[in-house]
Every structure is written in C-alpha cells, then in structure tokens.
Amino acid sequence: MSAQYAPWIIAAPVRLIARCLYRIRTIGAERLPEGGALLLANHLSYVDVVVLQMACPRPIRFVGHEALQKASWFFRLVFRLTGTIPVSSDNALSTTRRVTECLRRGEYVLIFPEGAISRTGQLMQIQRGFELMARKAGVPVVPVFHDGLWGSVFSFSGHRYILKWPRVMPTPVAVAWGDPIPPESADAATVRRALLDLGKVAFEMRPHLRRHLGREVVRALCKRPWRLEVIDRVVGRREVTAAQLVAAAAVLARHLRRTVAEPRVGIVLPPGAGATIANLAVLVAGKTPVNLNFTAGRAALEASLRTAGIRTVLSADAVRGKVADFPWPDDTRDLAATIKEAGGKRAMLPWLIAAWVLPNQWTATLLRLPKVGDQAEAGLLFTSGSSGEPKGVVLSHRNLLSNCWQISSLSILPADARILACLPVFHSFGFTVGIWYPMLRGCQVVTVPSPLDTRKIIDAIREEECTVWVAAPTFARPVLRKATPADLRTLDILVTGAEKLPEDLAQLSREKFHLEIMQGYGLTETTPVAGVNQPDPPIVTETGDAQVGQRAGSIGRLLPGIAARVLDPDTMEPKPETETGLIVLCGPNIFSGYLHSPEKTSAAFHEGWFITGDLGRFDEDGFLFIEGRLSRFSKIGGEMVPHGTVEQKIVETFGLEGADGYVVFVAGLPDPAKGEQLVLITTRDEVTVDSVREKLSAAGVTNLWIPKVVKKVDAIPVLGTGKLDLKAAKQLATEAL
C-alpha cells in the first residue's frame, strides 16, 4: 500500500506480511512515465492492489468497485484509509471526473478494466470507460500484468476464496509493466493485446519452469506415496500407487543407464501403468522418451526411428503380437521382463521405502536428477502426418512444465479429478495430459487401451466413477449413443479436441446426459493444449456477477501465458483480432523446432511467432473461433472457398448429421482453368454429382462452392488419434480425376 494514501501504521505491516507471503519480481518498471498515467491491470485476487503497489516505484491511487464498499465495513475502512476511488454504473460520471483530476495532478491511477476479479483465471472482456479518462486527462495508458496470484488463498481458484491452502509458499509473483500507450491510441483491443503479451512475459518468469520435469514428477509422487495414481484396465484391473510408480521407474531407469548408449528410447505401449512407468524411467535415466505411433505406416515408422536415432524400444510381447508390421529394432525389450531383469521387486523395495520415508528432494537426488531442465529435450513426438510426412517435434522440460501449469490454472482438470485416459500416448494430449499432468497435479488416472473400445470406456467410467474424460468427437459419439445416463452419472467434464465439435453431438450430450461438452484446441507443437472452454464459474459472493467460461462454437480462451496475433495469410501483416485470419501463437509451451529439420522449423515461425496453419478470429471476450485449416481452403476464381464449410453444407442438406465417422471429404486439386477445383469423396451412395448440385443450389450455395467431381469410397481414412487423415484422403480424391 502507498505511504502517500494509507497511514504508515497500516501500510508498514501490510507490506511486511506481503513480503512474507509473496516473492515479487518486476520487469519493465523503467518504462513508467514521470507524470500522470492511467495504469490498467488484470485482476486475479483481493490482494492485487498490494502486490502492484509493492512492484511500483511510485504511489498508486486505486479505483475499486463501490459494491465492495457497501457490502463490508472492512472495505469501507480500506477505501477511506487508502484514498481509493469507488466506481459503479450509477456514479460513472463523477468517477471519471475524480480520476481525471488525479491524473492531471501527475498521479498514477490504477483501474482493473475487467470490472471484477476473474473467477476463471483468464483475462475477461476489457470494459471501455478508461478511454475517456485517459483522453480527458491527456495522459498515457500503461498496461501491467501480474502472474502468480491465481492459486493463492485470495483468488477464486478451486471455486472458493480463502478456504484453501496456497500451492507454494512463499508464492512467486511476477509483475510486467508495458510501454505507455498514447491516449488517442488506447482502445480496448489495443490494451487487451498488450495485456496478453505482458501475460506471456510474466508467465515465463515463473522459476519452476526452469526445473527438470523428471525431478518435479518424482518429488510430487514422493509427497503422496500412499496415493492411488493409476487404475490400469488394459488387462483386467491393476492399481498402482505413487510409491510404486517411483520404485518401478527407479529400477528401470538405473538399468537403462547401464545398458542403453543412445540419448533416445522408443516406447510402443498403450495407455496404462506400463506406459507411465516406461516414460518416467526413460526420463529419470537422463534420456528422451519417444512414443511411437504404431498405427502409422511402416515407411513412416522407419523414417521416425532413423531420424530419432532409436535403437532400443520398450514394448510388451502382447503388443508386438498385435503390431506385426512394425519395424521392430533388434534391441526391442519387453517392459515387464526388463524390470525383472533389473532386479524386480527386490530391487524396488529400497525405493519404496525411500518414497515413504525420505524427504522428496532426497529421493530425487539419489536418482541423480538435475535441478534444471529448462530448454533441454524432455520428449519427442512425431506429428500425425495428416497433411504431410511426420515431423519430429522436440518438447523441452520448459514446454511440458509450462503446459501442465497452464492447464492447472483452469478448473477443467482439478487435483481431485479422476481422468479416463484412453488417447494413445504417441498423441500429444495422451503424452502430456495422460502421463505427466496427473503425476504433477495429483489426479487419478483410469486407463483403457484404445479410444475405439466403446464398451470398455463405458464400463470404466461407470465402475471407476470417472469425473473427466477427454476424447475426439469421433471417439465420443459411439459412447454417448450407447451409454445410459446411469453409466456416465459421475462424469462432470467431457473435453473434445483434434477436430471441430459437431453441434448435433453437443446437443446429444446436453439432452441425454445434461453435460456440456468443452471444446478445446491444441497442436503437437503447443505441447499440446492452447485453448479450452471451461465451465462457467459459480457466483459465491453478494457482489459477484455472472462470468463466462465457455462459448458455443469457440475453442475457449487461450491458456494463461499464451499470446496471439491474427495475420493476413497472403501478406502476413497483422489484422484486427476480431477478423478472420491466420492464427499465430507465442508462449512458453510452444516448441522450439523440428528434429534435424532447420528448414521446416524456419517455415513454422514468422518473426518468432508459431504459425498454427489455422484460420480463426477472436471475439471481444477473448474466445477463439477456428474457421478451418489454411491448407483446407481453395482459391477459385479469386475467392477463398473453405472445404470444411462445403462439407458441412453437404452433411446438412443430405441429412447426414450424427453419422458414425466421416462420410464426406472435399479436396482442392489443381485445375488449369480456375487454378483449383473441388473434388468430393463420400461413403454414401446417394451423394452423387447431380444430387450435390441440386441440393446445394437449392440451399443457396454459390456455384464456385459446388464440387464438380464426386467419388464413392468404402471409407474415409482416419488416423489413430481420431483426426482425419488428410494426406490419405487427398490421395483418394486425386485418384478420382
């Protein structure tokens, strides 16, 4: 609190207590102007004002919501002692006058432009009242973003204030000050963009992002050695505790250190305790786990093994029998047999005792785990190759720790969640959220070997009382059709990704199970989660207003620490965020490059921003709407034609909503007259050239958007992750010409 606006007898003890509770780091304070300035900050907790004042070299006068003053004698006293200016919709004019007077006197005045404490942990809509204040006073606007207070007892994390323990003590908090914005240029869109950019800077100052992923996981598991971590339903049912994970991984890691010379080890296992132990052991051994996509073609797998320099693969004899065409290297080891060879249960016993008895730091040190991982390689995943040859995506310790902390800041995967994990671990979501996140956060995981096994998924959710399930819409549809409300009674959250959420599937979930599907978005290169909808936060105080965590048709807001731009795909020049354009991202979860491929890495970035390849737009609340892949647009007669929109029109006009799998696919292929032409492949007999022309024309679709070539196929190719196999589907379309 400011000594100028609060008596020292109050300011001094508040500062002392704050210094004990928070470790504050500041960047950019030299940018603050000498005269008056209007400061605009994000709002995450009741102690934001204390932290921001401690990070500012000059006294700050705050503007606070008048409802707080009316609701509590405590806030009335605080407002009076600190000189806080109350604001409400009823006194907006007088507030503007008082703020303007203070600014003209050369003071710093701070406003929280969201209008309330965020109960989602994300930046809400920016209100516009500040623009008039800055222009009338003729002072610059200075954006400031603080990170670290979400999760504190004074924030709404966990859907409650005060009644919880902070995650870290003392809590590290970063405050990033932005460049002053001239008053005539300071509109809501500019300020929002500046705040999100500063949010990325502040998030990257978190000290634990420099740590070693393996060490952090071992420490987390040793803090709760008794806790049931994995319920493995791959074969029968097997329970694995945190201490057992540590012990098995420790024994296997020491064996791998002695017997494997290469820096990377391949893993070919379904989701389960085995895959979790194998990945943790490889990382603890100081090597990089590489989960290989055993559903890919032999040529792609041979290229992956060669690119990564993999000579040793951990698998299981049962898996080898089912994946006969896999190019197994000579040094392919059965996981269970390898652990037994390394000493088995006898060798695990000392590590079980260590996990229970020793401080968590000591166990990690005994395993010779470094404290710093930072930008070093922690995982290697190969892209699905849906639109080209697979590329090796190198994920660092910082990438994985960042994405886990970003996900943890939302309400979508709380620590008490029981997650159904059925996505393959060679999929980026299965890798990060199916393996690393639960061990770091403390969630329980129930594993099913395949996302295609509808019956096993339904049984697992019902019998294990799962609360969270993540799936692609392709995998979710048969489950939602066959399951009864009693089967999914414990399911609180269903998240979908990998493809656009069909409205009929969302409606089915809503009507049959009273469950809103939360659509998310991510790529392998973003480790993977970039944005996700989350349930609307509850109102628990008299002064609280409704806040929105989800929006139909969007993929949610971007995760904390991620900044974005919308670019013109032709010129790569910035566009307004509310207009459709090419989405580029920047943040600590963004990978640094493709393995041994500097050309592809260079092509993936534009001036430091990762090119997602997706076209989209933001609304004023920060929700991102993905319109489609750039590669899935054709330029015909000078007009951009979206393939996905054409497909949706065909589905609607032929009444194909709710069909299992993909039934139509549109490709853009070279045409000597118009540059490109649309070719349609379909699994339905009734979809012909004539019927497509007739129905789309009747629906008002322009002639340029109507495919002139239609081919019937037995099935439209799908990858093991549930995504459309664009490369194989386009090849089928090419064969139609």
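Residues numbered from 1 in each chain as written. Predicted model: local features only at pLDDT ≥ 70, side-chain atom pairs only at ≥ 80, totals over all residues. Heavy atoms only, no water.

Bringing the environment of Leu615 into the picture now. Take Leu615: it is sitting in strand 26 (residues 609–618). Assessed through its relative accessible area of 5%, Leu615 is described here as buried. Separated by 18 residues in the primary sequence, Leu615 and Phe633 place their C-alpha atoms 9.7 Å from one another. Excluding residues that lie within four positions of it along the chain, Leu615 makes contacts with Pro569, Thr580, Gly581, Leu582, Ile583, Phe625, Ile626, Glu627, Gly628, Leu630 and Phe633. (Helix = DSSP H or I, 4+ residues; strand = E, 2+ residues; numbered from the N terminus. Buried < 20%, exposed > 50% of the residue type's maximum accessible area, 1.4 Å probe, protein only. Contact = heavy atoms within 4.5 Å.)

Our next topic: the sheet that holds strand 5 (residues 108–111). Taken in spatial order, the seven strands make up an open sheet running 1-7-6-2-5-3-4, and their pairing is mixed. Edge strands, defined here as strands with exactly one partner in the open sheet, are strand 1 (22–27) and strand 4 (85–87). Between one strand and the next, the sheet's axes are offset by a mean angle of 25 degrees, whatever the strand orientation. In this structure, strand 2 (residues 37–41) lies alongside strand 5, joined through four bridges in parallel fashion. (Pairing = 2+ DSSP bridges. Axes fitted to C-alpha atoms, helices over the stretch in contact; angles between N-to-C directions.)

Here we come to the packing of helix 8 (residues 213–222) against helix 17 (residues 428–441). Between helix 8 and helix 17, the shortest axis-to-axis distance is 8 Å and the interhelical angle comes to 50 degrees. On the basis of their axis angle, the class for helix 8 and helix 17 is oblique. The hand of the helix 8/helix 17 crossing is left-handed. Seen from helix 8, the contacting residues are Leu213, Glu216, Val217, Ala220 and Leu221; seen from helix 17, they are Trp436, Met439 and Leu440. For the contact of helix 8 with helix 17, the per-class residue count stands at seven nonpolar, no polar and one charged. (Parallel < 35°, antiparallel > 145°, perpendicular 65-115°, else oblique. Left-handed = near helix turned anticlockwise from the far one by under 90°. Nonpolar A, V, L, I, M, F, W, Y, C, P; charged D, E, K, R; others polar.)

Our focus in this paragraph is empty space enclosed by the protein. Under the definition given, this model contains six cavities of 30 Å³ or more. Empty space within the second largest cavity amounts to approximately 130 Å³. Along its surface, the second largest cavity is lined by 17 residues, and Ala421, Cys422, Leu423, Gly430 and Gly434 are the ones closest to its centre. Mapped onto the lining of the second largest cavity, the elements with two or more residues apiece are helix 10 (273–284), strand 16 (418–421) and helix 17. In terms of residue class, the lining of the second largest cavity is built from twelve nonpolar, five polar and no charged. (1 Å grid on protein atoms, 1.4 Å probe; cavity = no way out; pocket = protein on both sides within 12 Å on 5 of 7 lines; lining within 4 Å. Points joined across faces, edges and corners; volume = space filled by probe spheres on them.)

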